[in-house]
Amino acid sequence: MDLREVGYDDRDWINLAQDRDRWRAYCVSWEAGGKRPLGRPRRRWEDNTKMDLREVGYDGRDWINLAQERDQWRAYVRAAMNLRVP
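For every chain, the first residue of the written sequence is number 1, and numbering continues from 1 along that sequence. pLDDT decides what is reported in this predicted model: residues at 70 or higher carry local features, side-chain atom pairs at 80 or more are listed and counted, and totals for whole chains, interfaces and linings draw on all residues regardless. Calculated side-chain values reflect all of the structure's heavy atoms, with hydrogen atoms and water omitted.

(A) Expanded view of the overall build of the chain. By definition, any uninterrupted DSSP run of H or I lasting at least four residues is a helix, any uninterrupted run of E lasting at least two residues is a strand, and each is numbered from the N terminus. From N to C terminus, the chain includes five helices and zero strands. Going residue by residue from the N terminus, the α and β elements of the chain occur as α-α-α-α-α. Here the chain holds 86 residues, and 8% of them are scored as buried. Residue exposure ignores everything except the shown protein chains as possible cover, and the areas themselves are Shrake-Rupley values with a 1.4 Å probe. Looking at the chain as shown, the accessible area adds up to about 8600 Å², and 52% of this sits on carbon and sulfur atoms. Buried means the residue's accessible area, taken with a 1.4 Å probe over protein chains only, is under 20% of the maximum for its type, while exposed means over 50%, and partly exposed covers the values in between.

What follows is the structure, encoded as structure tokens:
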């Protein structure tokens with residue numbers, strides 16, 4: 001079976017490539033509207049976690065792997081929670 005019998009033509013592939021180029025050009029030239037909020041950026045959960053771990057003495061950079069070691073993670077979390085209790 002030939003693609004032309006089904007209704008496809010060589011020009012359809014060219015049109016598809018042109019549409020892809022138009023979409024790419026649109027995405028590249030797009031500018032976000034609106035204004036940025038004033039002040040410093042909001043603190044993320046990840047930033048809070050890193051700051052708490054620094055306060056309890058964890059010097060490692062890879063806190064995600066630490067979180068997978070449940071017993072060690074629990075010990076650091078409890079230590080950080082005890083810092084917050086008056």
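(B) Broad picture of the environment of G57. Within the fold, G57 resides in the loop between α3 (45-55) and α4 (63-68). Distance from G57 to A80, taken between C-alpha atoms, is 9.7 Å for residues 23 residues apart in sequence.

(C) Structural context of the environment of M51. For M51, the position within the fold is in helix α3. A relative accessible area of 28% means that M51 is categorised as partly exposed. Along the chain, M51 and A80 lie 29 residues apart, while their C-alpha atoms are 9.9 Å from each other.

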